[in-house]
Amino acid sequence: MEEKQSFLKQKIDLESPNKNIVPITTSIKGDGKLSVGGCSIEELVKKYDSPLYILDEFTLRKSCEAYKKALEKYYPGESLPIYASKANSSIFMSSLISSEGFGLDAVSEGELLTALKGGVPNEKIVFHGNNKSDKEIEFAVRNNIKVIVDNDHDLERLEELSNSLNRDLEIMIRFTPGIECHTHEYIRTGSFDSKFGFGIEYLNILFANIRDTKHLKLTGIHAHIGSQIFELDPHNDLGEIMVNVILEAKKFGHNINELNVGGGLGIKYTESDDPPSIDEWVKTISNSVVKACEKNNLDFPTLMCEPGRSIVSTAGITIYKIGAFKEIPGIRTYLSVDGGMSDNPRPITYQSNYSACLVNNPLNNNSHNKYTIAGKHCESGDVLFKEIDLAECKTGDLICVFGTGAYNNSMSSNYNRIPRPAALLVCDGEAEIIQKRESPSDLLKYDVLPNRFIRQN
Ligand SMILES: *Cc1c(COP(=O)(O)O)cnc(C)c1O
């Protein structure tokens with residue numbers, strides 16, 4: 001029988017990490033075991049326990065670099081790449097992306113605070129959200145962070161705030177461009193039926209309303225059409241639609257000089273995924289904006305984009321330890337690991353697929369078995385892999401799941417009162433903690449027993 005070649009043998013794309021399944025620094029050492037960032041994964045688990053999130057700094061920086069290089073190459077005007085922090089929000093990530101000169105997109109006071117703590121300059125932060133609280137809006141305004149107005153409720157409160165402070169406020173608006181793309185329904189945001197942003201047909205009323213305020217200055221427009229997108233056409237269309245919106249706004253006296261196209265570039269989770277490169281994505285969007293500007297004799301606005309997944313997903317892996325096996329003859333063999341839907345809710349939420357291997361036999365040598373990898377939570381749906389081809393393995397062996405840098409840690413929960421894993425940063429053979437492991441007693445911190453329930457002993 002011909003051996004299927006492992007995804008670990010595929011050539012690594014050094015320029016566009018989103019086209020790889022594994023972090024760029026992934027290697028198999030002389031002992032046949034997996035390492036990343038120059039660190040033996042087995043050794044890391046010995047020291048830091050499992051489950052364990054690991055981020056590879058080299059891959060993170062390569063992804064940032066790819067966006068910066070491509071913007072410089074294809075866009076003749078000013079540009080600013082902005083990291084969508086919901087993909088993986090931490091003081092470390094804020095610090096890393098600000099060291100790369102990126103801005104940051106936040107959708108809550110928590111994400112804003114994390115960005116500021118990580119040293120992201122406030123003028124490079126944008127504040128999104130379809131239901132910002134009064135407190136959050138005030139926090140953003142007080143910190144000179146630009147608010148992206150999502151609806152009339154935002155607009156009313158910003159108008160009040162600017163009047164009471166007697167101060168001009170620059171704002172951006174988010175609209176839905178009416179572009180369909182092929183991705184999961186829950187992460188599709190650009191079509192007309194979306195909870196986010198103003199309908200494009202409403203913009204003229206909105207432009208008039210903003211013009212009639214005393215202190216609000218409309219400086220930018222934003223649209224985001226969805227996530228994990230493999231097609232280039234939607235973003236090609238978006239450039240022209242947005243330039244037309246800028247021209248329309250001009251008629252109301254608004255000089256818009258910021259054009260923010262959102263994020264959405266997909267990554268390669270499995271061998272059948274074939275996303276465009278970062279270079280191709282930026283080229284498509286840049287060219288469409290440039291073409292539309294030239295056609296209409298418009299100065300190039302500052303081009304902003306908001307990648308999340310394609311910055312951090314491929315840089316991240318999760319390591320689990322195998323515990324129980326359950327063989328159901330003729331049906332399947334369940335192999336259970338020490339994490340699951342609490343550290344990675346994507347499979348149960350979006351039926352997402354991943355790639356994985358054994359840490360001590362990454363190339364799947366010798367006999368093969370089909371396994372179903374289950375998490376340890378009390379849900380039958382808590383399954384990370386429905387059917388995966390792995391070499392013979394046993395309790396105590398380690399499994400590495402790839403592509404978990406985005407929307408894993410940031411979407412994690414304490415379901416079943418399971419503490420969140422530690423997160424490590426690896427680089428040049430060194431590993432450092434960027435998130436401490438929670439302990440079960442940490443989880444009791446916010447529990448309060450009413451006085452009359454306290455037993456007097
Ligand atoms: C989620 C989101 C992004 C990032 O999307 P990715 O698919 O992770 O690149 C960018 N902008 C907005 C407004 C978003 O909601």
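Keep in mind that this is a model prediction, so the values were computed, not measured.

Chemist: Is there a simple way to explain the packing of helix 5 (residues 134–142) against helix 6 (residues 152–165) in this structure?
Modeler: Their axes nearest at 11 Å, the elements helix 5 and helix 6 cross at an angle of 50°. The orientation of helix 5 relative to helix 6 falls into the category oblique. Here the hand of the crossing between helix 5 and helix 6 comes out right-handed. Here Asp134, Ile137, Glu138 and Val141 of helix 5 lie close against helix 6, whose contacting residues are Asp154, Arg157, Leu158, Leu161 and Leu165. Grouping the constituent residues of the contact of helix 5 with helix 6 by class yields 5 nonpolar, no polar and 4 charged.

Chemist: Help me understand empty space enclosed by the protein, please; the structure alone is not making it clear to me.
Modeler: To locate leftover empty space, one rolls a probe as large as a water molecule over the atoms. With the rule as written, the count across this model stands at 1 cavity of 30 Å³ or more. Estimated volume of the largest cavity: approximately 110 Å³. Lining the largest cavity we find 15 residues, and of these Tyr53, Leu55, Asn88, Asn409 and Ala423 sit closest to its centre. Counting residues per element, the ones that place at least two in the lining of the largest cavity are strand 4 (52–56), strand 14 (316–328), strand 20 (422–427) and strand 21 (430–435). In terms of residues, the lining of the largest cavity owes the most to one element, strand 4, which gives 3 residues. Grouping the constituent residues of the lining of the largest cavity by class yields 7 nonpolar, 8 polar and no charged.

Chemist: How should the domain arrangement of the protein be read in this particular structure?
Modeler: Often the size quoted for an interface is simply the accessible area lost on bringing the parts together. The domain architecture assigned to the protein consists of domain 1 (6–56 + 314–444) and domain 2 (58–312). On the domain 2 side, the residues contacting the 32 residues of domain 1 number 32 residues. Between domain 1 and domain 2 lies a buried interface of about 2,800 Å² when both sides are counted; carbon and sulfur atoms form 57% of it. Of all residues in domain 1, the largest losses of buried area upon contact with domain 2 belong to Asn18, Lys19 and Tyr407, amounting jointly to 23% of the total for that side. The interface formed by domain 1 and domain 2 includes 2 salt bridges. The shortest N-O distance in the salt bridge between Lys69 and Glu15 comes to 3.8 Å. Taken together, domain 1 and domain 2 are joined by 18 residue pairs in polar contact (both at pLDDT 80 or more). Elements with a minimum of two residues in the side of domain 1 that touches domain 2: strand 4 and helix 11 (346–350).

Chemist: What is the right way to read the environment of Gly323 from this model?
Modeler: Assignment of secondary structure puts Gly323 in strand 14. The contact partners of Gly323, leaving out residues within four places of it in the chain, are Ser336 and Thr395.

Chemist: I tried to follow helix 2 (residues 57–74) on my own but got confused; where do I start?
Modeler: For an α-helix, 3.6 residues make a turn, and residues three or four places apart therefore share a direction. The first and last C-alpha atoms of helix 2 sit 26 Å apart over 18 residues, in line with the 26 Å expected at 1.5 Å per residue. Of the residues making up helix 2, those classed as buried are Glu57, Thr59, Leu60, Lys62, Ser63, Cys64, Ala66, Tyr67, Ala70, Leu71 and Tyr74.

Chemist: What should I look at first to understand helix 8 (residues 233–250) in this one?
Modeler: Taking 1.5 Å of rise per residue, 18 residues should cover 26 Å, and helix 8 covers 27 Å from first to last C-alpha, within 8% of that figure. If you check which residues of helix 8 are buried, you get Pro234, His235, Leu238, Gly239, Met242, Val243, Val245, Ile246 and Ala249. Viewed along the axis of helix 8, the buried residues span an arc of 165°, placing them on a single side of the element. Residues of helix 8 that are buried in the fold lie against strand 9 (169–176), helix 7 (203–211), strand 11 (216–222), strand 12 (258–260) and helix 9 (278–295).

Chemist: Would you take a moment to explain the pattern of salt bridges for this structure?
Modeler: Where side chains of opposite charge bring their charged atoms close, a pairing between them can arise. Under the definition given, this model contains 21 salt bridges. In this structure, Arg157 and Asp154 form a salt bridge, with 3.1 Å as the shortest nitrogen-oxygen distance. In this pair, Arg157 and Asp154 are both assigned in helix 6, 3 residues apart and thus about one turn of the helix distant. Taken as a pair, Arg157 and Asp154 share a single burial class, namely buried. Members of the salt-bridge network, linked through shared partners, are Glu57, Arg61, Lys68 and Glu100.

Chemist: When you look at the sheet that holds strand 2 (residues 34–36) in this model, what are you seeing that I'm missing?
Modeler: By definition, the strands of a sheet pair up through backbone hydrogen bonds, in either a parallel or an antiparallel sense. The sheet built from 3 strands is open, its strands ordered 1-2-3 with antiparallel pairing. Sheet topology places strand 1 (27–28) and strand 3 (39–40) at the edges, where each strand pairs with a single neighbour. For strand 1 and strand 2, the ladder comprises 2 bridges, and the chain directions are antiparallel. Looking across to strand 2, one finds that Ser27 is bridged to Ser35.

Thresholds applied
Residues numbered from 1 in each chain as written. Predicted model: local features only at pLDDT ≥ 70, side-chain atom pairs only at ≥ 80, totals over all residues. Heavy atoms only, no water. Axes fitted to C-alpha atoms, helices over the stretch in contact; angles between N-to-C directions. Helix = DSSP H or I, 4+ residues; strand = E, 2+ residues; numbered from the N terminus. Parallel < 35°, antiparallel > 145°, perpendicular 65-115°, else oblique. Left-handed = near helix turned anticlockwise from the far one by under 90°. Contact = heavy atoms within 4.5 Å. Nonpolar A, V, L, I, M, F, W, Y, C, P; charged D, E, K, R; others polar. 1 Å grid on protein atoms, 1.4 Å probe; cavity = no way out; pocket = protein on both sides within 12 Å on 5 of 7 lines; lining within 4 Å. Points joined across faces, edges and corners; volume = space filled by probe spheres on them. Domains from an automatic or database assignment. Buried area = accessible area lost by both parts, 1.4 Å probe. Salt bridge = Lys/Arg side-chain N within 4 Å of Asp/Glu carboxyl O. Polar contact = N/O pair within 3.5 Å; in protein donor to acceptor, adjacent residues only side chain to side chain. Expected span 1.5 Å × (residues − 1). Buried < 20%, exposed > 50% of the residue type's maximum accessible area, 1.4 Å probe, protein only. Arc of directions from axis to C-beta. Pairing = 2+ DSSP bridges.

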